[in-house]
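# Descriptive structure summary
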Amino acid sequence: MLIWRTGGWRLRPRNRFFGRLQRFVLASVGLLLGLLGHSQAAEYLIDVWQTDDGLPQNSVTSVAQGRDGYLWIGTQDGLVRFDGLRFQVFDANNTPAIKNSRIVQLFNDRQGTLWVGTEQAGLMQFRDGQFRAFNPPNMGTTHNYARVFGDDEGGAFWMVSCEWELIRWQEGSFTVPSTRWNLAGAETYSLASAPAGGLWVGTDRELAIAHGDQFEIVWDGRNEPGFRVDVLAPSRKGGCWVAARNRLRQFQTTGPTADLGSYAWTNRPVYALHEDSRGYLWVATLGSGLYRYDTNGTVLHLGVSDGLPTDFIRCVTEDHEGNLWVGTEGGGLCRLKPTIFQTYGRKQGLCSDQVTSVHQSASGDMWIGTNGDGVDRLNPDGISHFGVEQGLGNGHVWAVLQDRQGSVWAGTWGGLFRMDHDRFAGLSDGVHISWQVLALHEDRKGTLWLGQQALGGISRLTGNQSDLLKLSGAAADLDVRTIVESPDGAVWIGSNGDGLYRLLGDKVTRYGKRDGLGSEMIWCLYPDQDGAVWIGTYRGGLGRWKDGQLKTISSRDGLVNDVISQILEDDQGYLWFGSHGGVFRIAKEELNRFADGKTRLFHTTSYGKADGLPSVECSGGSQPAACKSRDGRLWFPTVKGLAVVDPRTIVRNTLAPPVVIESLSVDGRVTEITENSLSLPGPIRIKPGAQRFEIRYTGLSYTAPQKVRFRYKLEGLEDEWLEAGTQRTAGYSFLKPGGYHFRVTACNNDGVWNDTAARLDFEVLPHFWQTGWFFLLVVLAGLGMIVGVVRWIEQRKLRQQVEKLERERMVERERSRIARDIHDDLGSSLTRIALLSELATADKERPLEVEAHALKIAASARETVRSLDEIVWAVNPQNDTLNSLSDYLSHYATEFFEGSPVSCRFELPDASADLPLASETRHQLFLAVKEALHNVLKHAQAKETWIRMTLAKPHLEIVVQDDGCGFDITAHKGSPGADGLGNMAKRVKDLGGQMNIKSATGQGTVVTFVVPLANGTSKPATTK
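The following paragraphs examine the structure supplied in this document. (Residues numbered from 1 in each chain as written. Predicted model: local features only at pLDDT ≥ 70, side-chain atom pairs only at ≥ 80, totals over all residues. Heavy atoms only, no water.)

Glancing now at empty space enclosed by the protein. Applying the stated criterion to the full structure yields 2 cavities of 30 Å³ or more. Put simply, the largest cavity is a space of about 90 Å³. As for the largest cavity, its lining consists of Gly66, Arg67, Asp68, Trp72, Asn108, Gly112, Leu114, Phe126, Arg127, Asp128 and Glu675. Among the residues forming the lining of the largest cavity, the class breakdown is 3 nonpolar, 3 polar and 5 charged. The calculated volume of the second largest cavity comes to roughly 40 Å³. Lining the second largest cavity are Gln65, Gly69, His320, Glu321, Leu655, Pro658, Leu700 and Tyr702. (1 Å grid on protein atoms, 1.4 Å probe; cavity = no way out; pocket = protein on both sides within 12 Å on 5 of 7 lines; lining within 4 Å. Points joined across faces, edges and corners; volume = space filled by probe spheres on them. Nonpolar A, V, L, I, M, F, W, Y, C, P; charged D, E, K, R; others polar.)

With antiparallel pairing, 4 strands are arranged side by side in an open sheet as β16-β17-β18-β19. Strands with a single pairing partner mark the edges of an open sheet, and in this sheet they are β16 (188–193) and β19 (214–220). Adjacent strand axes in the sheet meet at a mean angle of 25 degrees, parallel and antiparallel pairs treated alike. With 6 bridges connecting them, strand β18 (residues 206–211) and β19 associate as antiparallel partners. Within the sheet, the bridge partner assigned to Leu207 lies in β19 and is Trp219. (Pairing = 2+ DSSP bridges. Helix = DSSP H or I, 4+ residues; strand = E, 2+ residues; numbered from the N terminus. Axes fitted to C-alpha atoms, helices over the stretch in contact; angles between N-to-C directions.)

Along the chain, Glu187 turns up in the loop between β15 (173–175) and β16. In sequence terms Glu187 and Leu166 are 21 residues apart; their C-alpha atoms lie 8.0 Å from each other. Not counting residues within four places of it along the chain, the set of residues in contact with Glu187 comprises Trp164, Thr203 and Asp204. Engagement of the side chain of Glu187 in a polar contact is seen with the side chain of Tyr189, the distance being 2.6 Å. (Contact = heavy atoms within 4.5 Å. Polar contact = N/O pair within 3.5 Å; in protein donor to acceptor, adjacent residues only side chain to side chain.)

With that settled, consider the sheet that holds strand β60 (residues 669–672). With respect to topology, 4 strands assemble into an open sheet ordered β60-β59-β62-β65, the strand pairing being antiparallel. Taken across any chain shown, the strands that pair with only one partner, and hence form the sheet edges, are β60 and β65 (729–733). Strand-to-strand twist of the sheet, defined as the mean angle between neighbouring strand axes without regard to direction, takes the value 20 degrees. Of the pairings in the sheet, the one linking strand β59 (residues 659–666) to β60 comprises 4 bridges and is antiparallel in character. Looking across to β60, one finds that Ser665 is bridged to Val670.

This part is about the nonpolar core. Ranked by size, the top nonpolar core spans 39 residues in total, and within it Leu885, Phe926, Leu933, Met949, Leu956, Ile958 and Phe1009 carry the most contacts. Contributing elements (two or more residues each) for this core: α6 (882–896), β68 (903–908), α7 (919–940), β69 (944–952), β70 (955–962), α9 (978–990) and β72 (1005–1012). The element contributing the most residues to this core is α7, with 9 residues. If near-sequence neighbours (up to four positions away) are discounted, Met949 is found in contact with Leu882, Leu885, Ser886, Leu889, Glu907, Leu908, Pro909, Leu956, Glu957 and Ile958. With 29 residues, the next largest nonpolar core counts Tyr70, Ala97, Val660 and Tyr702 among its residues. (Core = buried A, V, L, I, M, F, W, Y, C linked by side-chain atoms within 4.5 Å. Buried < 20%, exposed > 50% of the residue type's maximum accessible area, 1.4 Å probe, protein only.)

In structure tokens form, the structure reads like this:
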């Protein structure tokens, strides 16, 4: 019938007989399952890779580890290279040398060459990153493949064809041994390369070893009916292992030296033999699974029930780290790795997989608490179960402990229970002992401390007396999860949310986050003999208290996880931690050095499901949780079973992983890196303008490839090594032109680093404007520009100085001209006026003479005024425009011809076409036109004259034309009147222009002045 008890429904037998029968059956089945679960098959963890994981096909025909460290896998759909995490497939589609993707056989010879046998496409050789195809003789049959490979100490490569014929390849050519080579057998079935030298050959008539061109017969089977050597494998002690006539034997050249007996299977062919580094002989059978033979004849069988995907085994081999690799027919690739952890759970006879507490009694029994199913006792006699039928009121057992008097205590979610005569009795009363007891600890005096979720958190039992302990300053609902006693007599109390308490005598000290703890949820404590107390927290990492100082260590510093559920110390100097990220260990000396600030690094070795843990979540928040048994083994409760490890049996992986740089990707274009490309002289050259660089690398460790860690640096850009963790790519952007050396190294799961870093040299080529010669050219051009600018500045300064001097000279010339004009014109006019005034005064008695003198004085005064006006106009800078010149010329000409018989007409530019004119230009043009007008009035006898001003870009043209008598220009040259024309021509020439005269007797005269201007436009003239 079903009844309800705290923690869930339980099956209750109808009467005592059935209850006893049930317990007997459960105990018997548990013991049987325990024995089966911990058979020798549990020594290995089996991992499987299939097409879902990247294999091209699930039939693995052969496995070999190359000299470079890669694992090479032959399948019926391509050759595969494996680094432990990634598969790279070589087949007929991407590798020209592979004519057929069905791989039959792989073999590594003594020189490090990988030989690949294909179906219907002969033979291939892989060396220095390159594939090379061969066509051996006598293989032109329908199938055309090699069955077995081998080599000898002389460097010769041997193979058995699909027609069972022996073929040798040496010095670049194939040879088929003739009958003179004294082999009696007509068909060769197997080969084995002896490590010490020599080649073992098995035929249908004999077992022999080759020496040069001769064979030494070791086992003559010509007189044994049905004789045939099925499979050979080299022996590490010399000689070879032989599978023949349904027996396994070891042979030396002197004959058989060991006999392992008849096959442990029937009617299943042997496909492969392999002796591993521990001396075990492995036998692969096609249909009966995998067998392991010990030298004493003990046989271990592994099949589908043990985790293999199929019983059809094609090959078995061992890598450099001791992992076994098994190729199956249709089941993919398997790895057999010696397990580190032994597991106890329901399969092995425990009442539950959810283990919460484990404790060893004085008698050696292991007491195991479970979450919901009571308590188990494990001893050499088997497993005994104690649940509600044995008096437990609640099956959720968080703490189980046997004290020094032999009493077994169980702290549950329903109170405290004590066992008496194989039955439990409840002791909780809700007054002194809480209904939730999560921690048990017996101190040196025999007092039992109880960690509780109520009643102040702590109760103590001494004999039959119980009392409550009230911690000063602690919360009334203190939730206590762990209690320990340190060597100095202090009692340490860890609470779930209120920090850590230290009780020494009557003094209570509390530690929290303000004091350096990473979290105030304390799940476990471990006091060591050196005076330190190690503190495991929930999500706060690991704490260390020593000499009054707290130091927190977290995942940022190298811990696997920040939830520390359990802490144990082994006999080899390591601290072991159960966490929510699996179990990990750290050398205590390294942790102390880190906590003391003497180093920044410590090495962590982590363990997970790949090492045998049933779960990476270890149970926590109660005590005792984990346990170290007296034989040195460590017991870790998890949510899926109890994990046990013997630290003494853990062999450190001392093989540093080979590091390989696989490819360089530049802007998405991938260049595969091979041994051949690395051996080329000079670095890889990369075109200019590359932006994105990605380097892919790997570390070849197969024990725990997911734990391989890397560090790298790009010399030419970085000076320090960068910790890359498990990342297998390095990316860079926009590298400047130059040479770079990329270096990367790796460490295995045990922290052993490869001292020889892999290296890739490459050079980013510059654009032409980034080259040295272009830079030099730019520098020279820059210097030239600087020189040019300096020279231009100096010339400009010189021009400015010259212009300044010229202006000063012009000012001086203008001042001289003004002074001359004033002296010549005004001075002479004023002198004339003074003389006329004196004459008028002298002739004052003669009125007619005075009148004549007055008229002359008036004329001279007008002339003086006109000269003065001309001088003022010439020196005024506001008149330095074309309009001012045209206005003044028209005004001057009008006044000049006033009262004369000559009329004057003007054609002047539009006022909108005004342009600036230099003072000198304006004055000289005026004087030239003035001279021309004087000639018209004095000599031309004209009735009309025209003055035309025209802007004809980039010149100014002034024309003075009359209708007078004209003159003969040729005859006029050299005459006294020619000086005036010469003066006009000189004035215009000094301005950079020219003067033209057109005249003939009786046809008038045209004088044209043309001078250059800086700016100007042609405009139609207006008539005034």
